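# What the coordinates show
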Amino acid sequence: MSKICWFHQSSYPFSQFITLIQKKEMEVLNITFMISNPRFTFDRSIEYSKDFKVRWFIGWFKSNLISKEPYHSANHQLQLLGRPDGIRNRFIGVFDELMFVLRAVKEMKKIKADLVLVHSHRLAFLYPLLARSENYVLVLYTTAVSTSTMKRKFWDSWEKLVMLPYKKFFVATPEMIDLFGLKEDNCYVTRWGMRPISVTKKSFSSLSLLYIGVLSGRRIDETIAGLRIFLDKHKDVTASYSIIGSGKPEYVEAIRSAIKHNALEEIVTYYGYLPDNEIIPYFDRCNVGVSYVPITPYYTDVIVTKTVEYLLSGLAVIATNTNKNRAMISDDNGVLVSDDPESFAEGLEKIYKSLSSYNSQTIVEGSQEWDLDYNIKNRIVPLLKQIAGSKR
């Protein structure tokens, strides 16, 4: 049977289960060079730390606003092995990354984890070479998403180098297997799921937009221009738009310029990066999530995490018409648009006309296949046991 099928608990061999429970406690080690959004990462591992001991080796947190303390416990341990003052840029940053790998390998040899999940980064090919073992899994995310064709080709080629020493891979979608050029028998399609950020029932009496996520390469300034087109047609509409996230300076400046150019200073607010505990109020009071990614070959088969977060939090969603967004968005929970201001404005028109028909409870109930607790318990925990048990 091909491993690209979703993993089911019934396929876990009983003999391997007996072997696992005879051991005092199974330990899963995660290695990642950078943590950008703890809620994407630690919500998952905290949930499966109910079944295993979980340890993280981390190079650095992308923002100095992130603290490890809320995520550190007896059964979910975080070790920061990077430079105390952060990783430096460009070529000297590669040296910092190498030093992290060497520290991680040294610590890895001490603990002898049952399973090592290596979250892909530039020098991730070194772990199997420096600490030989058969219990590695390389966790892959997406192919390169740079707007530069040359950069995408370079980093996709480099990723193939990173993958060479590994025999097992976690991928987010079946399409990623072909995009990475892998064999199906070496891959496990993992649906981790997510948790809702807000459980507040939403009011759909006015238009309150929210974008949260990466800004670089997303062209969020186009959504601001689209909002201007919509408001010019509906001058009596009350609206607000909160934008939360970080990115390269030119993308941040594009957003600020779009706000000023379209005279939306009283309606659109850019907040920059906010830590997880500070984003909850925005999810509580906004009612329409903006899931705007360019419709390109390198985005269309990627699960857009913000789409899932919006839906699980009961927001209607205006989303670009990628393959994965199209599988999640329906008339009951939002609209699909093209990646240009005019289409975004048309989408706002449809959202506005349907606003009173949306129900946050219905939106949440229709998105339960993406619930993190269910997916960890029924898919991920049995899968991790299977992979670890196969090497005992």
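A quick note: this is a predicted structure, and the numbers were derived from the prediction, not measured. (Residues numbered from 1 in each chain as written. Predicted model: local features only at pLDDT ≥ 70, side-chain atom pairs only at ≥ 80, totals over all residues. Heavy atoms only, no water.)

### Things to note about the overall build of the protein
Of regular secondary structure, the protein possesses 14 helices and 13 strands. In summary, the protein has a C-alpha radius of gyration of 22 Å against a globular reference of 21 Å for 392 residues, a match within 12%. In terms of overall dimensions, the protein has C-alpha extents of about 65 × 50 × 40 Å along its principal axes. Taken across its 392 residues, the protein has 54% of its residues classed as buried. Intrachain contacts of the protein at a sequence separation of at least 6 include 72% that bridge at least 24 residues. If you sum the accessible surface of the protein, you get close to 18,600 Å²; carbon and sulfur atoms cover 53% of it. The protein carries 50 positive and 42 negative side-chain charges, and their two centres are separated by 8 Å. (Helix = DSSP H or I, 4+ residues; strand = E, 2+ residues; numbered from the N terminus. Rg over C-alpha atoms; globule rule 2.2 N^0.38 Å. Buried < 20%, exposed > 50% of the residue type's maximum accessible area, 1.4 Å probe, protein only. Contact = heavy atoms within 4.5 Å. Areas by Shrake-Rupley, 256 points an atom, 1.4 Å probe, with all protein chains shown as cover. Lys, Arg positive; Asp, Glu negative; His and termini not counted. Charge placed at Lys NZ, Arg CZ, Asp CG, Glu CD.)

### Details of the packing of helix α2 (residues 38-48) against helix α14 (residues 372-389)
Axis separation between α2 and α14 bottoms out at 10 Å; the angle between their running directions is 65°. Relative to α14, the element α2 is oriented roughly perpendicular. As α2 packs across α14, the resulting crossing turns out to be right-handed. Within the contact between the two elements, α2 uses D43, R44, E47 and Y48 and α14 uses L372, D373, I376, I380, V381 and L384. Here the residues of the contact of α2 with α14 sort into six nonpolar, no polar and four charged. (Axes fitted to C-alpha atoms, helices over the stretch in contact; angles between N-to-C directions. Parallel < 35°, antiparallel > 145°, perpendicular 65-115°, else oblique. Left-handed = near helix turned anticlockwise from the far one by under 90°. Nonpolar A, V, L, I, M, F, W, Y, C, P; charged D, E, K, R; others polar.)

### Quick word on the nonpolar core
Ranked by size, the top nonpolar core spans 56 residues in total, and within it L207, I224, L227, Y241, I243, I318 and I351 carry the most contacts. When near neighbours in sequence (up to four residues on either side) are disregarded, I243 contacts Y211, L215, I220, I224, I255, V268, T269, Y270, Y271 and G272. Grouped together as the second largest cluster of nonpolar side chains are 35 residues, I87, V101, A104 and V302 included. (Core = buried A, V, L, I, M, F, W, Y, C linked by side-chain atoms within 4.5 Å.)

### Details of unusual backbone geometry
Despite not being glycine, K112 shows a phi value in the positive range, around 50°. Within the secondary structure, K112 is located in the loop between α3 (90-111) and β4 (115-119). Of note in the backbone geometry, R219 takes a positive phi value of approximately 60° without being a glycine. Here R219 lies in the loop between β8 (207-212) and α7 (221-233).

### With respect to the packing of aromatic side chains
Counted according to the given criterion, the structure contains 17 aromatic pairs. On the numbers, 5.7 Å between centres and 50° between planes, the contact of F33 with F100 is tilted. Taken together, the residues F33 in strand β1 (residues 27-35) and F100 in helix α3 connect sequence positions 67 residues apart. You'll find F33 and F100 in the same group, each marked buried. Summarising the aromatic geometry, the rings of Y48 and W192 are spaced 6.2 Å apart at their centres and angled 35° between planes, so their arrangement reads as tilted. Note that Y48 is positioned in helix α2 and W192 in the loop between β7 (187-189) and β8, a separation of 144 residues in sequence. (Phe/Tyr/Trp six-rings, centres within 6.5 Å; stacked < 30°, edge-to-face > 60°.)

### Brief notes about the sheet that holds β4
Pairing in this open sheet of seven strands is parallel, and the strands run β3-β2-β1-β4-β5-β6-β7 from one edge to the other. On the outer flanks of this sheet lie β3 (76-80) and β7, each paired with one strand and no other. The sheet shows a mean angle of 25° between the axes of neighbouring strands, direction not considered. Across four bridges, the pairing between β4 and strand β5 (residues 136-139) is parallel. Looking at β5, one finds that V118 is bridged to L138. (Pairing = 2+ DSSP bridges.)

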